[in-house]
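Examining the three-dimensional arrangement
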Amino acid sequence: MKTVYTCFCTDVIHEGHLNVIKEAQKFGRVVVGVLSDEAVIRYNRFFTVDFEERFQMVEKLDGVSKVVVQKEIMYDEIVKELHPDYVIHGDNWKEGPLKAIRDNVRHLLDEYGGEIIDIPYTYNENVKRIDARMKEKLSMPEYRRKRLRQLLTLCPVVKTIEVHNGLTGLIAEKTVVENNGELAQFDAMWISSLCDSISKGKPDIELVDMTSRFRTIDDVMEVTTKPIIFDGDTGGLIEHFVYTVRSLERMGVSAVIIEDKTGLKKNSLFGTEVEQTQDSIAHFCEKIQAGKKVQLTDDFMIIARIESLILEKGMEDALTRADAYVGAGADGIMIHSRKKDPAEILEFCDRFRVKNKETPIVVVPSSFNSVTEAELAAHGVNIVIYANQLTRSAFPVMEQTAEDILKYHRALEVDSRLLPIKDILTLIDEL
Ligand code: SPV
Ligand code: MG
């Protein structure tokens, strides 16, 4: 009897999956792999039911002889283990990022004469509806809010990108790349005070009020499912911060990061070029404690951001503050630097990790941008935030387009750099 293998990474079994099994049975005994949580989140939508449930769901299906765990996206391990005669999959993996998986399988099967069976991918109204329902579920506050904590247990590093409206939200949500046989997507989104302010033509000085910042969150949430980390600036007055925590939590935001500055806040990347005042340890701890006290779920995180390196107060001060903030209840520490060299960030992480193995560390490598995610993870970093790159990439291109239209008195010369009209009209899916 020949073995036919297929891998499922789904939360719901629908007619498409049943069809795969039906077709597979024509070729032999059917073995289904259930993709691990760690692998699913690398390229697919986050799951709404956990691995055990997904496994049991597949075990109950008629026509399945055996269910196994597929740990990795690529099939090397599973093919070595099962040596299937056939691997069957919907033909949607013939293009786009999934093609890398098909190429991997092709290569593995070629080594011993195994075969790929591509069957027409089922995407009818019913499947579309199920798909949309799953997406809606993931966007609900109770599912979205807890996702950051889930990701922290699943990802070597939570890759987070800045968003400031629905459009940038869609880029964060949908971008999946294949590079050297690896698939990757962003895990979370950062609502930056800098970029949220800049997109409104305002300076980053806590001038854009919370109502407006919440509006941005709402715009992003409407079109995405990924978790949100909110840049809460200084958190403002303690009496105000507690309300901010409640609002963010209710909206389904996963974390707020507040920085230990007081008075008129300026962007950290100015460093000591402008006057900025660091808060006292005692007062900032009081703010953290007040926020923790009012939050209603265990999901929400308050992350304390340390400005000691930015303000040139030294490593010892940064480490002392980190201990104090964790002691006050902070769920994570963000350490910031505006040096090009990542050395001081890495030193902080190493020294913090000697005493504290658990508390998540967040970094924003805008200046020290040569360091890779893997290097940061090796020093104990858990969340990496690309805090302003989408805004900084869009601005020069828009400016150039505006200049060229003025120069040529028409838009023909800029057209080759533009998204085709056909594509912009269909960029946003209608319900
Ligand atoms: C932001 O993105 O608004 C931040 C990070 O707070 S930084 O601009 O580096 O201060
Ligand atoms: Mg900010």
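Starting afresh in each chain, residues are numbered from 1 along the sequence in its written order. The naming scheme follows written order: chains are lettered A onward, ligands numbered 1 onward. The predicted origin of the model limits local features to residues at a pLDDT of at least 70 and limits the giving and counting of side-chain atom pairs to 80 or more, whereas totals for whole chains, interfaces and linings rest on all residues. Side-chain calculation: all heavy atoms of the structure are included, whereas hydrogens and water are not.

**Remarks on the site of ligand 1**
In the region of ligand 1, the neighbouring residues are Trp190, Ser192, Ser193, Leu194, Asp231, Asn267, Ser268, Leu269, Arg305, His336 and Ala387. Residue Asn267 places a side-chain N or O atom 2.9 Å away from an oxygen atom belonging to ligand 1. We call two N or O atoms a polar contact when they sit within 3.5 Å, provided that within protein one can donate a hydrogen and the other can accept it, with sequence-adjacent residues counted only if both atoms are side-chain atoms. One of the side-chain N or O atoms of His336 is found 2.7 Å from an oxygen atom in ligand 1. Here the accessible surface of atoms and residues is derived via Shrake-Rupley with a 1.4 Å probe, and residues count as covered only by protein chains that are part of the display. Within the complex, 100% of the 280 Å² of free accessible area of ligand 1 lies under protein. Amino acids outside the nonpolar list (Ala, Val, Leu, Ile, Met, Phe, Trp, Tyr, Cys, Pro) and the charged list (Asp, Glu, Lys, Arg) are all regarded as polar, and Gly is one of them. Broken down by class, the residue content of the shell around ligand 1 amounts to 4 nonpolar, 5 polar and 2 charged. Any residue with a heavy atom positioned within 4 Å of a molecule or strand is treated as near that molecule or strand.

**Considering the coordination of the magnesium ion (ligand 2)**
Taken together, the protein ligands of the magnesium ion (ligand 2) are Ser193 (OG) and Asp231 (OD), with distances of 2.1 to 2.2 Å. Of this pair, Ser193 sits in helix H10 (residues 193–198) while Asp231 sits in strand S10 (residues 228–231); the two residues are 38 residues apart in sequence, bridging distant segments of the chain. Only protein chains enter the accessibility calculation, which uses a 1.4 Å probe; a residue is then buried when its area is under 20% of its type maximum, exposed when over 50%, and partly exposed in between. Judged by relative accessible area, Ser193 falls into the buried class, the value being 3%. Each metal site is built from N, O and S donor atoms within 2.8 Å (3.2 Å for Na, K and Ca), and since water is not included, such sites may look incomplete. The secondary structure listing takes helices from DSSP runs of H or I that are at least 4 residues long and strands from runs of E that are at least 2 residues long, numbered from the N terminus.

**A closer look at the nonpolar core**
What we call a nonpolar core is a set of buried Ala, Val, Leu, Ile, Met, Phe, Trp, Tyr and Cys residues that are connected through their side-chain atoms within 4.5 Å. By size, the foremost hydrophobic cluster in this structure holds 53 residues, and its most contacted members are Ile217, Tyr325, Ile335, Phe348 and Val363. Within the second largest apolar cluster, 46 residues are counted, among which are Ile78, Val79, Leu148 and Ile383.

**Considerations on the packing of helix H13 (residues 281–294) against helix H14 (residues 315–327)**
Angle between the axes and distance between the axes: these two values describe a pair of packed helices. All axes here are fitted lines through C-alpha atoms, helices being fitted over the stretch that makes contact, and every angle between N-to-C directions spans 0 to 180 degrees. Running from amino to carboxyl end, H13 crosses H14 at an angle of 35°, the nearest separation of the two axes being 9 Å. Helix-helix and strand crossings are classified by hand; for H13 and H14 the assignment is right-handed. Listed contacts from H14 to Ile281, Phe284, Cys285 and Ile288 of H13 are Thr320, Arg321, Ala324 and Tyr325. For the contact of H13 with H14, the class distribution of residues is 6 nonpolar, 1 polar and 1 charged. The handedness criterion is simple: a crossing whose near helix is rotated anticlockwise from the far helix by less than a right angle is left-handed, and one whose near helix is rotated clockwise is right-handed. Only heavy atoms enter the contact rule, under which two residues are in contact if any of them lie within 4.5 Å.

**Regarding helix H1 (residues 15–25)**
Of all the residues in H1, the buried ones are Gly16, His17, Val20, Ile21, Glu23 and Ala24. Taken around the axis of H1, the buried residues stretch over an arc of 165°, which confines them to a single face. For H1, the secondary structure elements touched by its buried residues are strand S1 (3–8), strand S2 (29–35), strand S4 (86–90) and strand S5 (115–119). What the arc measures is the spread of directions leading from the helix axis to the C-beta atoms.

**Some details on the domain arrangement of the protein chain**
For the purposes of this description, domain bounds are those given by an automatic or database domain assignment. Partitioning the protein chain into structural domains gives domain 1 (3–128), domain 2 (140–387) and domain 3 (393–425). The distance between the C-alpha centroids of domain 1 and domain 3 comes to 43 Å.

**Some thoughts on the pairing of strand S8 (residues 182–185)**
The alternating pattern of S8 places Leu183 and Gln185 on a buried face and Glu182 and Ala184 on a face that is not buried. In this scheme, strands are said to pair when DSSP sees at least two bridges between them. Of the pairings in the sheet, the one linking strand S7 (residues 176–179) to S8 comprises 4 bridges and is antiparallel in character. Among the inter-strand pairings, Glu178 is bridged to a residue of S8, identified as Leu183. Taken together, S7 and the strand that follows it, S8, pair antiparallel across an intervening segment of 2 residues, in which Asn180 is found at a positive phi of about 50°.

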